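Take a look at the letters that make up each chain.
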Amino acid sequence: MQVKDVMTRSVISVEPDESIMKAARLMLQNRISGLPVIDKDGELMGIVTEGDFLRRGELGTQRRRPKWLEFIVGPGRLAEEYVHASGRKIDEIMTTDPVTASEDDTLEKVVEVMERRRVKRLPVVKNGRVVGIIARSNLMHALASFARDEEERAAHIQPNDSQIRDNILAVLDRQNWAPRVNVLVKNGVAELWGVITDDRERKAVVVAVENVPGVGHVHDHLVWVEPMSGIAFSSAEDDAVARSAVL
């Protein structure tokens, strides 16, 4: 999927010389956490987000440091922080030169940028103009839509147990981390047997199997053998069955 498939096209924005109170009201009224800052010529100047309102003098949350640390930080940094805590106009507190995306970028690229730059949204720019916004919420909506489509497809496709088993083994075979496990499938219920050497593999195997179309439930019988001690640990499911049998 590409950015143009999921982005918000109706962009709510502010101009750089407007008040920060207007930006705050727009974000609250529209239930959004950030706004692109666009000048009268339509050029992207920056972005203002909820984070820009955290360290504010009105709230008494402006950054305070011991005198000795202020000396190390230097007057330039202190002056910059003062502007951010006391500025009244958007161009005084906004983030300049924001990271942007294009309509043809893949969602994989966008997510990588969001993680690396630690941002929640990217203005989408075409020919120097903002044509949309892609935010984490857009990705969540895309995920929900995908899940709904998968459920609809699954309702029309009913693979038999043999096909489900083959698909499970194929999925696990494509994962470099996956251990070799034996899989039994009956009436859409998958049972997993085998040995793992890292208990984190257990959840990953179960998740991989749950995502295979036709799997209704997963029974975990995997045994974790701790490499250093050689001690074997049964699954929580098998432990619960054993305890109930004793009682």
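Refer to the structure printed above.
Residues numbered from 1 in each chain as written. Predicted model: local features only at pLDDT ≥ 70, side-chain atom pairs only at ≥ 80, totals over all residues. Heavy atoms only, no water.

Colleague: Explain the sheet that holds strand β2 (residues 44–49) to me, please; I cannot follow it from the model alone.
Modeller: The strands making up a sheet associate through backbone hydrogen bonding, with each pair oriented either parallel or antiparallel. Ordered by their spatial adjacency, three strands build an open sheet running β1-β2-β3, and the pairing between neighbours is antiparallel. The open sheet terminates on both sides in strands that have one partner only, identified here as β1 (34–38) and β3 (95–96). Summarising the sheet, β1 and β2 pair through five bridges and their orientation is antiparallel. Along β2, the bridge assignment pairs Gly34 with Thr49. Sheet contacts for helix α2 (residues 20–30): β1 and β2; angle to β1, the most-contacted strand, approximately 135°. (Pairing = 2+ DSSP bridges. Helix = DSSP H or I, 4+ residues; strand = E, 2+ residues; numbered from the N terminus. Contact = heavy atoms within 4.5 Å. Axes fitted to C-alpha atoms, helices over the stretch in contact; angles between N-to-C directions.)

Colleague: Please explain a nonpolar patch on the surface as it appears in this structure.
Modeller: A grouping of Trp68, Phe71 and Ile72 is seen on the molecular surface, where their side chains present a nonpolar patch of about 450 Å² in accessible area. By the secondary structure assignment, Phe71 is in helix α3 (residues 67–73). (Patch = residues over 30% accessible without salt bridge, like charges linked within 9 Å, V, L, I, M, F, W, Y side chains within 5 Å. Areas by Shrake-Rupley, 256 points an atom, 1.4 Å probe, with all protein chains shown as cover. Salt bridge = Lys/Arg side-chain N within 4 Å of Asp/Glu carboxyl O.)

Colleague: For this particular structure, what's the right way to read the environment of Glu191?
Modeller: Tracing the sequence through the fold places Glu191 in strand β7 (residues 189–196). For Glu191, a relative accessible area of 27% corresponds to the partly exposed category. When the C-alpha atoms of Glu191 and Val209 are compared, they prove to be 9.7 Å apart, with 18 residues separating the residues in sequence. With residues near it in sequence (within four places) discarded, Glu191 still touches Asn182, Val183, Leu184, His219 and His221. Within polar-contact distance, the side chain of Glu191 engages the side chain of Trp193 at 3.4 Å. A distance of 3.4 Å separates the side chain of Glu191 from the side chain of His221, its partner in a polar contact. (Buried < 20%, exposed > 50% of the residue type's maximum accessible area, 1.4 Å probe, protein only. Polar contact = N/O pair within 3.5 Å; in protein donor to acceptor, adjacent residues only side chain to side chain.)

Colleague: Help me out: how do you make sense of the pairing of strand β8 (residues 217–225) in this one?
Modeller: When a strand is regular, its side chains alternate between the sheet's two faces. Bridge count between β7 and β8: eight bridges; the pairing is parallel. Across the sheet, Ala190 pairs through a bridge with Val218, a residue of β8. Tracing the backbone out of β7, into helix α9 (residues 200–210) and back to the parallel element β8 gives a crossover that is right-handed. Across two bridges, the pairing between β8 and strand β9 (residues 232–233) is antiparallel. In the strand pairing of β9, Trp224 is matched with Phe233. (Right-handed = clockwise from strand over helix to strand, strands pointing away.)

Colleague: I'm lost on the sheet that holds β8 in this one. Help?
Modeller: The sheet built from four strands is open, its strands ordered β6-β7-β8-β9 with mixed pairing. The open sheet terminates on both sides in strands that have one partner only, identified here as β6 (181–186) and β9. Each of β6 and β7 touches helix α8 (residues 161–173); the most contacted strand, β6, lies at about 155° to it. Running at roughly 155° to β8, α9 makes contact with β7, β8 and β9 of the sheet.

Colleague: Just checking my understanding: could you explain unusual backbone geometry for this structure?
Modeller: Trans peptide bonds make up the majority, and among non-glycine residues the majority have a negative phi. Not every positive phi belongs to a glycine, and Asp97 is a case in point at roughly 50°. Assignment of secondary structure puts Asp97 in the loop between β3 and α6 (107–117). Unlike most non-glycine residues, Asn127 shows phi in positive territory, near 55°. In this structure, Asn127 sits in the loop between β4 (121–126) and β5 (129–135).

Colleague: When you look at the layout of surface pockets in this model, what are you seeing that I'm missing?
Modeller: Over the atoms rolls a probe the size of a water molecule, and its path tells where empty space is left. Of the voids in this model, the largest pocket is the one considered here, and its volume is about 520 Å³. Lining the largest pocket are 21 residues, and of these Arg55, Arg63, Glu80, Glu81 and His84 sit closest to its centre. For the lining of the largest pocket, the secondary structure elements donating two or more residues are α4 (75–86) and α5 (90–93). Looking at the lining of the largest pocket residue by residue, the class counts come to seven nonpolar, six polar and eight charged. (1 Å grid on protein atoms, 1.4 Å probe; cavity = no way out; pocket = protein on both sides within 12 Å on 5 of 7 lines; lining within 4 Å. Points joined across faces, edges and corners; volume = space filled by probe spheres on them. Nonpolar A, V, L, I, M, F, W, Y, C, P; charged D, E, K, R; others polar.)

Colleague: Sorry, what's going on with the pairing of β4 here?
Modeller: The sheet contact formed by β4 and β5 spans six bridges and is antiparallel. Note that in β5 the partner of Leu122 across the bridge is Ile134.

Colleague: What is the right way to look at the side chain of Asp39 in this model?
Modeller: Mapped onto the fold, Asp39 is located in the loop between β1 and β2. An unpaired buried charge is present at Asp39: no salt bridge exists, and Arg129, the closest side chain of opposite charge, is 6.6 Å distant. In contact with Asp39, other than residues within four places in its own chain, are Pro16 and Met45. (Lys, Arg positive; Asp, Glu negative; His and termini not counted.)

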